[in-house]
Amino acid sequence: MLLAYPFRFLAPRRAAPEAAVSTAVALLVLAGVAGVVPTPVVIALAGGAGATLAGVRLSRLAAQRSTAPPSTGPSGRVGAVLLDAAVVAAGWVAAALPLVDARQRAVALLGSLTVAALSVSGVRRLPARTPAPTRLRALVEATGPTVGLTLAGWLLLPVGTLPAPARLLAALVLAGLGIAALSAFTGVGRRSGHAICRGGLLLTLIGLALLTILPPVSSGRASLLAVPPLVLGMLLTALGATTAVTSASSTPPAASPTTTWPRAVLPASVLLLAAGLHLGSGRTPDRVSLLLALAAVPPLVLRELLRGGDAGVPERPAAHRRVAAHPVRHPEPQPPWQATTPDSWTPAADADATWPDTGVSWSRHGLGPAGDGPGDRAALLAALAAIGDVSAPAGALLLVELHGIEGLGPVAREDALAEAALRARAVVGPGDLVTACAGAGFAVVTGAGPVLAYALGTRLLATLTSPYRLAGSVLRVQASIGLAEVGGSGPADVLRQAELARRRAVQLGRDRVEWYDAFLEEQLVRRLDLERELPGAVARGELDLVYQPVLDLTDRQPVGAEALLRWRSPVLGTVLPAELLPVAEDLDLVGELEWWVLDRACRQLAAWSAGSRELWMAVNVTTRELATPDFVQRTAAIMAAYGVPPERLVVEVAEPRIAADLSTVVARLAGLRSLGVRTALDDFRPEHASLAHLRRLPIDLLKVGPDLVGAEPTGQPPLIDVVVNVGERLGVEIVAEGLESPTQVEGAHRAGCRYGQGFALSRPATAERVEAYFEEFPSAYR
């Protein structure tokens with residue numbers, strides 16, 4: 001049965017009487033719920049049975065002669081007497097309630113206070129075997145769940161039975177007792193007699209508190225909720241006290257590790273259930289509910305701050321200073337990652353090594369740990385494994401890469417790395433490990449929680465990027481830091497995660513700290529796949545073009561098409577330009593791709609022109625390629641090779657990127673127009689600088705997005721009118737692109753845009769399908 005089950009794993013031996021009593025009490029409760037036995041009778045019989053058995057156990061314990069040595073403290077006889085009085089008082093309260101129905105709350109409250117006083121005195125006089133945890137840490141760890149259970153109690157307690165202040169106090173008391181009992185049963189040494197006794201007393205007090213708060217026993221069955229914690233608590237109190245006294249003279253068992261998930265899952269589950277019942281009844285959260293919800297945030301922040309100063313990461317003693325690059329013997333206690341250095345990785349003394357699957361190289365020499373020790377992969381593995389093995393996992397790995405020292409000579413580079421090592425050691429904590437990796441970087445393992453680890457990363461970033469004064473010159477470097485939490489993953493996984501975060505920091509511009517998450521890994525893995533597969537895509541024939549028709553908005557006839565690049569990768573599938581081009585830029589492959597696009601687009605344009613179609617083809621080029629000295633000549637050669645009339649080709653350049661080299665862009669566009677090629681400015685934004693560029697650029701077409709056109713049929717944004725007016729004065733025709741609805745198409749036409757392009761008019765398609773689409777419009781032919 002439910003009440004008997006705890007004795008199966010908490011009792012050091014078979015506890016048949018406890019199991020029998022708890023089973024009988026469970027049957028009584030079921031009978032009370034069914035209405036077979038009156039509620040007052042159930043409470044009186046159950047409380048009396050539990051108190052009788054627990055009292056007998058404690059009375060026998062008090063009569064025993066202790067064999068505990070003096071070093072263990074009190075013998076436990078006085079404690080047993082006081083605890084005996086506590087459970088008898090609790091049983092008396094339960095048995096007396098049917099006789100004092102009108103004064104139930106007063107009697108229950110008085111009994112609760114009496115039991116609490118006797119319990120505290122009795123527990124303090126039991127032989128102490130399990131050391132108490134750090135008081136502040138334990139309090140902070142319990143505050144957040146306690147606030148959550150207080151909110152659950154506030155939502156669940158009947159509104160009309162108690163005034164609001166009493167209802168809030170009752171919810172707080174029940175929550176505090178519940179978390180304390182949960183901590184006793186799941187914390188360090190949870191199988192010890194002390195922990196079982198404390199948990200039992202707290203359950204007893206919870207039962208008495210419920211009898212104080214809930215409606216009188218004669219008013220219904222709600223008071224039956226107090227029976228399970230009351231009876232179970234009394235029985236566990238006796239069991240725990242007996243275990244504590246009888247084991248005082250024996251060798252203490254190894255401390256049980258904490259079981260953290262009940263303290264996280266159970267309060268959250270109760271709160272979710274309470275919130276669901278509250279909302280399901282049609283009630284809305286009141287002011288107290290909102291304040292309690294907000295009150296749960298500060299304890300969570302404080303808990304993370306305290307993790308940074310966790311006593312489980314002590315300061316390294318002076319004996320741990322560096323002794324070359326070999327395993328160090330430790331005559332004093334040390335952080336777990338200094339205990340021993342695994343010998344599973346033993347390269348030559350001067351060798352570097354690369355960690356598989358990460359590309360991170362680790363050196364046996366270089367920076368060394370902050371407290372100093374072997375600066376290699378083995379030390380890092382040991383540190384990460386040790387942090388993951390502690391009872392309350394907390395810690396992080398930071399991978400640091402320095403940029404700007406690659407081109408230095410060997411001496412200057414070593415000086416820069418040595419200065420960086422000194423700066424890093426001045427920032428990290430005394431118990432943090434700093435180990436070198438071959439190249440321009442190092443790793444930091446800290447026992448701090450994630451919030452403090454991120455703060456450490458920002459401090460490292462600030463100190464490492466300050467100017468370096470080396471040999472009379474000033475060197476400025478950049479840094480990229482990847483952070484991964486330790487916990488729930490093996491050391492190799494933690495390193496891989498930190499490396500992915502570091503790569504992301506590099507991609508986003510350096511001088512930043514990036515935190516690993518699963519979505520980040522998906523992005524970075526995708527990026528790595530693109531970087532691996534893109535080189536050679538042209539030679540392998542994996543590139544393709546699709547074409548999106550451009551229509552005249554006056555008569556909806558096609559006038560041209562834009563060539564759009566697609567990468568048909570057999571490994572990655574179809575990759576669009578938005579994802580493809582940034583990778584190509586980093587790999588310096590944009591020129592190869594764009595000349596392929598221009599060649600294939602001109603060949604297709606020549607095929608369409610052979611059929612007497614009066615269409616033009618638009619091709620996108622980057623500012624970087626447009627600025628190359630031979631761009632105009634190479635374009636002319638391609639057109640000549642396919643016999644393409646120059647006026648049928650449109651070269652588009654994106655407006656946001658031309659400002660950096662505006663004069664060169666103007667010269668190249670003018671050179672194209674001298675050949676007869678038409679030019680277009682893509683992604684135009686009607687800002688002051690853009691309008692100024694528009695007056696300087698020799699262009700024929702101006703492409704604007706749907707945000708300027710607007711989606712409402714009742715009016716247009718005034719900026720589109722400005723753009724159209726400027727275009728008319730400069731002789732530039734407006735193309736509205738990205739039109740995805742008939743409303744946008746109509747709005748673009750009314751605003752004065754001559755051409756339109758977008759899904760609402762025609763989707764991109766292969767050359768064959770676009771050609772079939774053109775055949776539906778005879779006017780597209782001469």
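What you are looking at is a predicted structure, and each value in this text was computed from that prediction instead of being measured.

Caption draft 1: Spotlight on the nonpolar core. Core analysis: the largest hydrophobic core is formed by 77 residues, its most contacted members being Tyr547, Trp567, Leu681, Leu697 and Leu702. Among the elements that line this core, the one with the most residues is helix 19 (residues 590-610), at eleven residues. Beyond its immediate chain neighbours, meaning those up to four positions away, leucine 697 contacts Ile658, Leu662, Val665, Val666, Leu669 and Leu681. Listed in part, the 60 residues of the second largest apolar core include Ala31, Ala62, Leu203 and Ile213.

Caption draft 2: Here's a closer look at the sheet that holds strand 3 (residues 396-403). Taken in spatial order, the five strands of this open sheet run 4-5-3-8-9, and their pairing is mixed. Two strands bound the open sheet, and with one partner strand each, they are strand 4 (433-437) and strand 9 (512-515). Direction aside, neighbouring strands of the sheet carry axes that sit 20° apart on average. The pairing of strand 3 with strand 5 (residues 441-446) spans six bridges and is antiparallel. Considered in strand 5, the bridge of leucine 398 is made with valine 444. Lying on the sheet, helix 15 (residues 450-464) is in contact with strand 3, strand 5, strand 8 (478-485) and strand 9; it crosses strand 9 at an angle near 155°.

Caption draft 3: Inspection of the side chain of lysine 703 at higher detail. Note that lysine 703 resides in strand 16 (residues 701-704). For lysine 703, a relative accessible area of 3% gives the class buried. Reaching out from lysine 703, the side chain makes a polar contact with the side chain of glutamate 562 at a distance of 3.1 Å. Ignoring sequence-local partners within four residues, the contact set of lysine 703 consists of Glu562, Glu652, Leu681, Asp682, Asp683, Phe684, Val735, Glu737 and Gln757.

Caption draft 4: Inspection of unusual backbone geometry at higher detail. The backbone of aspartate 511 shows a phi angle near 50°, a positive value even though the residue is not glycine. With respect to the helices and strands, the residue aspartate 511 is situated in the loop between helix 16 (491-507) and strand 9. According to the relative accessible area criterion, aspartate 511 is partly exposed, its value standing at 35%.

Caption draft 5: A look at the packing of aromatic side chains. All told, the structure shown has seven aromatic pairs when counted by the stated rule. Feature note: the residues Tyr547, Trp608, Tyr773, Phe774 and Phe777 constitute an aromatic cluster, connected by ring pairs. Over the aromatic face of tryptophan 595 sits the side chain of arginine 634, whose NZ or CZ is 4.0 Å from the ring centroid.

Caption draft 6: Inspection of a nonpolar patch on the surface at higher detail. Residues Leu156, Val270, Leu273 and Leu277 make up a contiguous nonpolar surface patch of about 360 Å² in total accessible area. Among the elements that make up the nonpolar patch, the one with the highest residue count is helix 10 (residues 261-280) (three residues). Within the element layout of this structure, valine 270 appears in helix 10.

Caption draft 7: Quick peek at the environment of tryptophan 595. Along the polypeptide, tryptophan 595 turns up in helix 19. When its relative accessible area of 11% is taken as the criterion, tryptophan 595 is described as buried. In this structure, the C-alpha to C-alpha distance between tryptophan 595 and threonine 635, residues 40 residues apart in sequence, is 8.8 Å. When near neighbours in sequence (up to four residues on either side) are disregarded, tryptophan 595 contacts Glu625, Phe631, Arg634, Thr635 and Ile638.

Caption draft 8: View of the confidence of the model for the protein. For the protein, the mean per-residue pLDDT works out to 76, and 75% of the residues sit at or above 70. Predicted confidence is poor over residues 1-14, with pLDDT under 50, and the contacts of this stretch with residues over four places away or in other chains come to 26 contacts. Below a pLDDT of 50 lies the segment residues 66-74, which in the model reaches twelve contacts outside its immediate sequence neighbourhood of four places, other chains included.

Caption draft 9: Seen up close, helix 19. If you check helix 19, its first and last C-alpha atoms are 30 Å apart, about what 21 residues at 1.5 Å a residue would give, namely 30 Å. The buried fraction of helix 19 amounts to 15 of the 21 residues, a majority that puts the element mostly inside the structure.

Caption draft 10: Summary view of the packing of helix 4 (residues 77-96) against helix 5 (residues 104-124). Following both chains from N to C, one finds helix 4 and helix 5 inclined at 165°, their axes separated by 8 Å at the closest point. The angle between helix 4 and helix 5 places the two elements in the roughly antiparallel class. In terms of crossing hand, the pair formed by helix 4 and helix 5 is left-handed. Across the interface between the two elements, Gly79, Leu82, Leu83, Ala85, Ala86, Ala89, Ala90, Trp92 and Val93 from helix 4 touch Val107, Ala108, Gly111, Val115, Leu118, Ser119, Ser121, Gly122 and Val123 from helix 5. Taken together, the residues of the contact of helix 4 with helix 5 sort by class into 13 nonpolar, five polar and no charged.

Caption draft 11: Structural context of the pattern of salt bridges. As enumerated under the stated definition, the model contains 21 salt bridges in all. Arginine 502 serves as the salt-bridge partner of glutamate 499, at 2.5 Å between the closest nitrogen and oxygen. Note that glutamate 499 and arginine 502 are positioned in helix 16 at a spacing of three residues, about one turn of the helix. The same class applies to glutamate 499 as to arginine 502, namely buried. For arginine 754, the salt bridge is made with glutamate 733, and the minimal N-O distance between the two is 2.4 Å.

The rules behind each value
Residues numbered from 1 in each chain as written. Predicted model: local features only at pLDDT ≥ 70, side-chain atom pairs only at ≥ 80, totals over all residues. Heavy atoms only, no water. Core = buried A, V, L, I, M, F, W, Y, C linked by side-chain atoms within 4.5 Å. Buried < 20%, exposed > 50% of the residue type's maximum accessible area, 1.4 Å probe, protein only. Helix = DSSP H or I, 4+ residues; strand = E, 2+ residues; numbered from the N terminus. Contact = heavy atoms within 4.5 Å. Pairing = 2+ DSSP bridges. Axes fitted to C-alpha atoms, helices over the stretch in contact; angles between N-to-C directions. Polar contact = N/O pair within 3.5 Å; in protein donor to acceptor, adjacent residues only side chain to side chain. Phe/Tyr/Trp six-rings, centres within 6.5 Å; stacked < 30°, edge-to-face > 60°. Lys NZ or Arg CZ within 6 Å of the ring centre and 35° of its normal. Patch = residues over 30% accessible without salt bridge, like charges linked within 9 Å, V, L, I, M, F, W, Y side chains within 5 Å. Areas by Shrake-Rupley, 256 points an atom, 1.4 Å probe, with all protein chains shown as cover. Salt bridge = Lys/Arg side-chain N within 4 Å of Asp/Glu carboxyl O. pLDDT = per-residue confidence, 0-100. Expected span 1.5 Å × (residues − 1). Parallel < 35°, antiparallel > 145°, perpendicular 65-115°, else oblique. Left-handed = near helix turned anticlockwise from the far one by under 90°. Nonpolar A, V, L, I, M, F, W, Y, C, P; charged D, E, K, R; others polar.

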